[in-house]
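Examining the three-dimensional arrangement
The lines below spell out each chain.
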2 protein chains.
Amino acid sequence: MKNLIIASTSTLHSGGYLDYLLPELEVLFKDTDEILFIPYARPGGITHEAYTHKAATAFKKVNKNLIGIHGFEDPNHAIRQARGIFTGGGNTFVLVHTLHKLSIMQPLREAIFTGTPYLGTSAGSNICGPTMQTTNDMPILYPSSFKTLGIIGCNINPHYLDPDPSSKHMGETRETRIKEFHTQNTTPVIGLREGSWLQVQGESVDLKGAHSARIFLQGKEPFEVESGTQINIA
Amino acid sequence: MKNLIIASTSTLHSGGYLDYLLPELEVLFKDTDEILFIPYARPGGITHEAYTHKAATAFKKVNKNLIGIHGFEDPNHAIRQARGIFTGGGNTFVLVHTLHKLSIMQPLREAIFTGTPYLGTSAGSNICGPTMQTTNDMPILYPSSFKTLGIIGCNINPHYLDPDPSSKHMGETRETRIKEFHTQNTTPVIGLREGSWLQVQGESVDLKGAHSARIFLQGKEPFEVESGTQINIA
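Residues numbered from 1 in each chain as written. Chains lettered and ligands numbered in written order. Predicted model: local features only at pLDDT ≥ 70, side-chain atom pairs only at ≥ 80, totals over all residues. Heavy atoms only, no water.

1. Re the overall build of chain A
- When helices and strands are counted, chain A shows seven helices and eleven strands.
- Since a compact globule built from 234 residues should have a radius of gyration of about 17 Å, the 17 Å found for chain A is in line with a globular shape.
- When its C-alpha atoms are laid out on the principal axes, chain A stretches across 45 × 35 × 35 Å.
- The contacts of chain A with a sequence gap of at least 6 include a subset with a gap of at least 24, amounting to 68%.
- Per element, the accessible surface of chain A, about 9300 Å² overall, is 49% carbon and sulfur.
- Charge centroids of chain A, computed over 20 positive and 22 negative side chains, lie 2 Å from each other. (Helix = DSSP H or I, 4+ residues; strand = E, 2+ residues; numbered from the N terminus. Rg over C-alpha atoms; globule rule 2.2 N^0.38 Å. Contact = heavy atoms within 4.5 Å. Areas by Shrake-Rupley, 256 points an atom, 1.4 Å probe, with all protein chains shown as cover. Lys, Arg positive; Asp, Glu negative; His and termini not counted. Charge placed at Lys NZ, Arg CZ, Asp CG, Glu CD.)

2. Some remarks on the environment of I67 of chain B
Residue and element names in this part refer to chain B.
- Among the secondary structure elements, I67 is positioned in strand β3 (residues 65–68).
- Owing to a relative accessible area of 27%, I67 belongs among the partly exposed residues under this scheme.
- In this structure, the C-alpha to C-alpha distance between I67 and H53, residues 14 residues apart in sequence, is 9.0 Å.
- Every residue in contact with I67, bar those within four places of it in the chain, is listed here: E34, I35, L36, F37, T52 and F72. (Buried < 20%, exposed > 50% of the residue type's maximum accessible area, 1.4 Å probe, protein only.)

3. Comments concerning the confidence of the model for chain A
- Summing up the model confidence of chain A, the mean pLDDT is 96 and the portion of residues at 70 or higher is 100%.
- This complex was scored by the predictor with a pTM of 0.96 and an ipTM of 0.94. (pLDDT = per-residue confidence, 0-100.)

4. Focus: the interface of chain B and chain A
- On the side of chain A, 45 residues touch chain B, which itself brings 45 residues to the contact.
- Between chain B and chain A lies a buried interface of about 3700 Å² when both sides are counted; carbon and sulfur atoms form 59% of it.
- On inspection of chain B and its partner chain A, the count reaches two salt bridges.
- Summed over the shared surface of chain B and chain A, the number is 23 residue pairs in polar contact (both at pLDDT 80 or more).
- Of all the elements in the fold, those that place two or more residues in the side of chain B that touches chain A are α4 (92–101) and α7 (174–184) of chain B. (Buried area = accessible area lost by both parts, 1.4 Å probe. Salt bridge = Lys/Arg side-chain N within 4 Å of Asp/Glu carboxyl O. Polar contact = N/O pair within 3.5 Å; in protein donor to acceptor, adjacent residues only side chain to side chain.)

5. Observations concerning helix α5 (residues 105–113) of chain B
All names here are of chain B.
- Among the residues of α5, those classed as buried are M105, P107, L108, A111 and I112. Looking straight down α5, one finds its buried side chains confined to an arc of 165 degrees; they lie on one side.
- Summarising the contacts, the buried residues of α5 are in contact with β1 (3–7), β2 (34–38), α3 (75–81), β4 (85–87), α4 and β5 (118–121).
- Where α5 terminates, the next one or two residues include G115, which has phi positive at roughly 105 degrees. (Arc of directions from axis to C-beta.)

6. As for the sheet that holds β4 of chain B
Residues and elements named next belong to chain B.
- Pairing within the open sheet is mixed, and its seven strands lie in the order β3-β2-β4-β5-β1-β8-β9. Each edge of the open sheet is held by one strand with a lone partner, namely β3 and β9 (204–209). Looking at each pair of strands side by side, their axes are set apart by 20 degrees on average, direction ignored.
- Where β2 and β4 come together, three bridges link them in parallel fashion. In the strand pairing of β4, F37 is matched with F86.
- Together, β2, β3, β4 and β5 form the strand contacts of helix α2 (residues 48–60), whose direction differs from that of β3 by roughly 165 degrees. (Pairing = 2+ DSSP bridges. Axes fitted to C-alpha atoms, helices over the stretch in contact; angles between N-to-C directions.)

7. Quick word on the packing of aromatic side chains
- A full pass over the atoms with the stated rule returns 19 aromatic pairs over all chains.
- Between Y20 of chain A and W197 of chain A the ring centres are 6.1 Å apart and the planes differ by 55 degrees, which places this aromatic pair in the tilted class. Here Y20 of chain A, found in the loop between β1 (3–7) and α1 (22–28), pairs with W197 of chain A, found in strand β8 (residues 196–201); they are 177 residues apart in sequence, far enough to count as distant.
- Seen in terms of ring centroids, F93 of chain A and F146 of chain B are 6.4 Å apart; in terms of plane orientation they differ by 70 degrees. Their pairing is edge-to-face. In this pair, F93 of chain A is assigned in helix α4 (residues 92–101) and F146 of chain B in the loop between α6 (123–126) and β6 (155–157), connecting two distinct chains.
- A residue is classified by how much of its surface remains accessible, and F93 of chain A, at 0% relative accessible area, is buried.
- Here a set of aromatic residues connected by ring pairs shows up, and it is made of F93, Y142 and F146 of chain A together with F93, Y142 and F146 of chain B. (Phe/Tyr/Trp six-rings, centres within 6.5 Å; stacked < 30°, edge-to-face > 60°.)

8. As for the nonpolar core
- One finds I85, L108 and L198 of chain A together with I85, L108 and L198 of chain B to be the most contacted residues of the largest nonpolar core, which totals 84 residues.
- Counting residues in hydrophobic clusters, the runner-up holds 22 residues, among them Y17, Y20, L22 and A56 of chain A. (Core = buried A, V, L, I, M, F, W, Y, C linked by side-chain atoms within 4.5 Å.)

9. Considering the environment of S125 of chain B
Residue and element names in this part refer to chain B.
- For S125, the location among the structural elements is in helix α6.
- As a C-alpha pair, S125 and L149 span 24 residues in sequence and 9.9 Å in three-dimensional space.
- With residues near it in sequence (within four places) discarded, S125 still touches I6, A7, G120 and I156.
- Here G120 takes part through its backbone oxygen, which lies 2.8 Å from a polar atom of the side chain of S125.

10. Topic: the environment of Y17 of chain A
- Structurally, Y17 of chain A can be placed in the loop between β1 and α1.
- Each C-alpha atom, one on Y17 of chain A and one on L95 of chain A, is 19 Å from the other, the two residues being 78 residues apart in sequence.

11. Thoughts on the side chain of N3 of chain A
- Structurally, N3 of chain A can be placed in strand β1.
- Judged by its relative accessible area of 16%, N3 of chain A is buried.

12. A look at the pairing of strand β9 (residues 204–209) of chain A
Residues and elements named next belong to chain A.
- Looking at chain direction, β8 and β9 are connected through six bridges and run antiparallel. Counterpart to S196 in the pairing with β9 is G209.
- Connecting β8 to the antiparallel partner β9 that follows it, the hairpin turn spans two residues, and G202 within it adopts a positive phi of roughly 60 degrees.

Take a look at the structure:
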């Protein structure tokens, strides 16, 4: 049974790395003391070692041992053996490029579908949808495909931002960008605000956390769903 | 001799479509009354016809006739025959996908290198660098390559935005994104603020318009260049 948390962000403005999620992570990973970390999104170009150290420091607070996948000779085997997996944020193009290059997108999908508890934040959440095509990131690498894990049936837009009515900037708002996505694609999109996450258990997808989320369906007006409700389109 | 304007945006908050650029366009296109328009970036998913109508209305103000490339049976031939070309903004992935699919990236490059006057705004400016990898757009289509025209030696980041020190949003700033680009690529990047443009004449690239621009070189601290100066890294 699928058992995962798909979070908009790792870090709230008011807190430290993963702080606001720690109580959830104790429950999600209750059956294991060791978690496999996928650091390939490399926020700011940080090394795999430095990123793993940062994430491990946060997980120590709930007495969990985090091990970076980059240290394994066979990452496919590491995923199959893992009893818990966390993919951190950063650049989604770099993450997806690496997952395809190492041929571990499919093993990761299988692990999650067969019940390995999974946490994704930001880029690590983007990959839970059918494609990475609603990422906010810059295309700094060319992945062999935009296809991702397809754990849920809709795409994620993490760090969702409402339009700022006072802005004089003429770049597209997030809502405009997602509507452009729907001129070319049919996949539903969930705009997840920072502090919100999806809790997936089996086929049930619930919105949790601080905010409502914005749902975009092709050809329909976007609408809000409240925290605490089940999301049927996912 | 190359002769083009690479503009950050088509539209300033204070004005109508292309208004602030009209005096420049009269000079750039002084030798022709007819301009070929490339509407493939389709802002907001607008049709080619509607987008061409919008751009043609602006060009009418300077007595120029704009014709959409989508009306030609052979777009390659249309580019070779054109005496002036304008590529409008929208979604850079959609634009680049279409240019590669129609095999007109190379003819467009040749036309500009052999002196056909060219105007690019936003996505139409992004494609003037070696790659589209510093676009701000959402990857709503998968282009067969991220390579673009390479008219100048550096990439463009249009609609460049300075970090907002009061923001509580945890998504990456534009500067962070461009620095991430330089963890994977060596191409210099020009952050062009709205109201600024590059005037390219032969091998000379000058910054024009309302603002300074921010230059990003791999491994160096970013720095500002003032409007009116020649940019040597481009």
